[in-house]
Amino acid sequence: MSETDAPTPVHVDVLVVGAGLSGIGVAARLRREHPERTLAILESRAASGGTWDLFRYPGIRSDSDVQTYGYDFKPWKGRKALAPAAEILDYIRETAREYDVENCIRYRHRVVRAEWSSTDARWTVTARNGDTGDITTFTTDWLFCATGYYNYDRGYTPDIPGIERFTGRVVHPQQWPADLDYAGKRVVVIGSGATAVTLIPAMADATEHVTMLQRSPSYIIPLPAEDTVSDLFRRVLGDHRGYRLARKKNIALNVWIYKLCQRFPRRARAVIRWLNKRMLPDGFDVDTHFNPRYDPWDQRLCVVPGGDLFATIRKGKASVVTDRIETVDETGIALASGRHLDADIVVTATGLDLLALGGLELCIDGERVDITKRLVFKGTMLSDVPNFSFVFGYTNAPWTLKVDLVAEYLCRLLTAMDRRGAQVAVAEQRAGMGTRPLLDFAAGYIQRSLDRWPQAGTEDPWNLQMDYHKDVAVLRETPVDDGSLTFTPA
């Protein structure tokens, strides 16, 4: 086919990349506040829901309370404090249907390149069809990247010596096989993060025994299985008003706990240790297995609903081993202490492989954009990249809180552009401003990938921390046209 015979690109006013929690949330907000604008969502997978459709391991659930994990415009009606993946997926898809977003999704379209033309004042986006390999081209006035923060194709697995010799099955939670039969099996779960503490109680009753093998402990705190206060608010005030009040209560609680941990780390450590000790069997070595090297909230706290992990340990169905792996052999794992863990199945709950902007290649007027040299403006735009925004949620609070603010800001920005008659909005980087890493968080999955992400500035509004209330001031309460953006016609 010659260039003159090539299909005419599909044009939309706003193009969203990703049909997960973020993409659906942004698209629904656009439907609410800018119904006159045309919209499309490109999703590389064959289904919506992102993380909540991808991960299939036993027990998968949110690790944030659902009153703040839900969208601010759509009440969450479930009773559980931490919702199972199936309920979250239903909620996301119900939102897509309710706001007529489902019809905008193009499935099996993996975006590979987006090029901005200053002459045309629009993006040309190239997507490859995952079924046929065909290339489809879209043009858009505004490009929004809602691809999450990790590689959907594979998880992170460190080099584990001898793992190839193991004769049992090795499984990463991100690629959980549907045919995995762990009934009556000895299972070793490598890792102590949110995935591991979710998996173990869900698997334990069916297995012969589950061992959580950790190199070093994480902070693990119990949370009531149901949020009775939020349920009361909804029953007394109705779904919408009760939900708003429950969100305010839980947001305040999240912020309060985080700030207390940061300000009084020794006291916070002591409280968490006391909670752990009272829920574990008598004589359990709390200081070896539940006493992290770092302070509370230097990494994300792991939450267990109803203390299910501790209950599983008390029943003797699960145990914790804190040691280093010497090597893996045919029948299990040899540890540095000389101990051997016999295993039929090894689960590598070793984390995520972070991927900025879903691996999307950005170009401006034919020149590739090196995003690691760009700064993040107000936590959602890139310096000197026109008509482009993205979302990266909180590391210390529910992800959706940032999605709501960023989506609201985008709608306000589009309104400001309409009012000015502008076709282009760009955050121009200030000359001479210092830079810092985008994320100040000690977790390994963050630290090993910082060099792949944009940077933050040292001056506002380029210097947003992981602070919800500061984001509210900058993204919701500050006028969009406050002089920090440049608006121009085509």
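Everything numeric in this text was worked out from a predicted model, so none of it was measured.

**Digging into the confidence of the model for the protein chain**
Put simply, the protein chain has an average pLDDT of 93, and 97% of its residues get 70 or more. This stretch, residues 1-5, has a pLDDT under 50; its non-local contacts, to residues over four places away or in other chains, come to two contacts.

**Some thoughts on the packing of helix 1 (residues 21-33) against helix 4 (residues 85-98)**
Here helix 1 crosses helix 4 at 25°, and the two axes come no closer than 10 Å. Taken together, the axis directions place helix 1 and helix 4 in an arrangement best described as roughly parallel. At the point where helix 1 passes helix 4, the crossing takes the left-handed sense. Contact with helix 1, carried on its side by Leu 21, Ile 24 and Ala 28, involves Ile 92, Thr 95 and Ala 96 of helix 4 and no other residues of that element. Class assignment for the residues of the contact of helix 1 with helix 4 results in five nonpolar, one polar and no charged.

**What to know about the sheet that holds strand 15 (residues 340-342)**
Strands belonging to one sheet form pairs held by backbone hydrogen bonds; the direction of such a pair is parallel or antiparallel. If you trace the three strands from one edge of the open sheet to the other, you get 13-14-15, paired in antiparallel fashion. Only two strands of the sheet have a single neighbouring strand rather than two, namely strand 13 (325-329) and strand 15. Strand-to-strand twist of the sheet, defined as the mean angle between neighbouring strand axes without regard to direction, takes the value 20°. Inspection of the sheet shows strand 14 (residues 332-335) paired to strand 15 by three bridges, in the antiparallel sense. Across the sheet, the residue bridging to Gly 332 is Asp 342, located in strand 15.

**With respect to the sheet that holds strand 12 (residues 318-322)**
Across the sheet, which stays open at both edges, the five strands sit in the order 7-16-8-9-12 with parallel pairing between neighbours. Lying at the two open borders of the sheet, with one neighbouring strand each, are strand 7 (169-171) and strand 12. The mean inter-strand angle of the sheet, taken between neighbouring strand axes irrespective of direction, is 20°. As paired elements, strand 8 (residues 186-190) and strand 9 (residues 209-214) share five bridges and run parallel to each other. Bridged to Ile 190 within strand 9 is Leu 213. The sheet contacts of helix 5 (residues 194-204) involve strand 8, strand 9, strand 12 and strand 16 (345-348), and relative to strand 9 the element is tilted by about 165°.

**Notes on the nonpolar core**
Membership of the largest hydrophobic core comes to 134 residues, with the highest contact counts inside it found for Leu 143, Leu 362, Phe 388 and Leu 413. For this core, the element with the most residues is helix 11 (residues 399-420), which contributes 13 residues. If we skip the residues at most four places from it in the chain, Leu 143 touches Leu 15, Val 17, Ala 114, Trp 123, Val 125, Leu 360, Leu 362, Asn 387, Phe 388 and Ser 389. Membership of the second largest hydrophobic core comes to twelve residues, among which are Ile 160, Val 188, Leu 213 and Val 346.

**Here we look at a nonpolar patch on the surface**
Taken together, Leu 253, Trp 256, Ile 257, Leu 260 and Phe 264 make up a surface patch of nonpolar side chains, about 430 Å² in accessible area. With respect to the helices, strands and loops of the structure, Trp 256 is situated in helix 7 (residues 239-263).

Reading the values: the criteria
- Residues numbered from 1 in each chain as written.
- Predicted model: local features only at pLDDT ≥ 70, side-chain atom pairs only at ≥ 80, totals over all residues.
- Heavy atoms only, no water.
- pLDDT = per-residue confidence, 0-100.
- Contact = heavy atoms within 4.5 Å.
- Axes fitted to C-alpha atoms, helices over the stretch in contact; angles between N-to-C directions.
- Helix = DSSP H or I, 4+ residues; strand = E, 2+ residues; numbered from the N terminus.
- Parallel < 35°, antiparallel > 145°, perpendicular 65-115°, else oblique.
- Left-handed = near helix turned anticlockwise from the far one by under 90°.
- Nonpolar A, V, L, I, M, F, W, Y, C, P; charged D, E, K, R; others polar.
- Pairing = 2+ DSSP bridges.
- Core = buried A, V, L, I, M, F, W, Y, C linked by side-chain atoms within 4.5 Å.
- Buried < 20%, exposed > 50% of the residue type's maximum accessible area, 1.4 Å probe, protein only.
- Patch = residues over 30% accessible without salt bridge, like charges linked within 9 Å, V, L, I, M, F, W, Y side chains within 5 Å.
- Areas by Shrake-Rupley, 256 points an atom, 1.4 Å probe, with all protein chains shown as cover.
- Salt bridge = Lys/Arg side-chain N within 4 Å of Asp/Glu carboxyl O.

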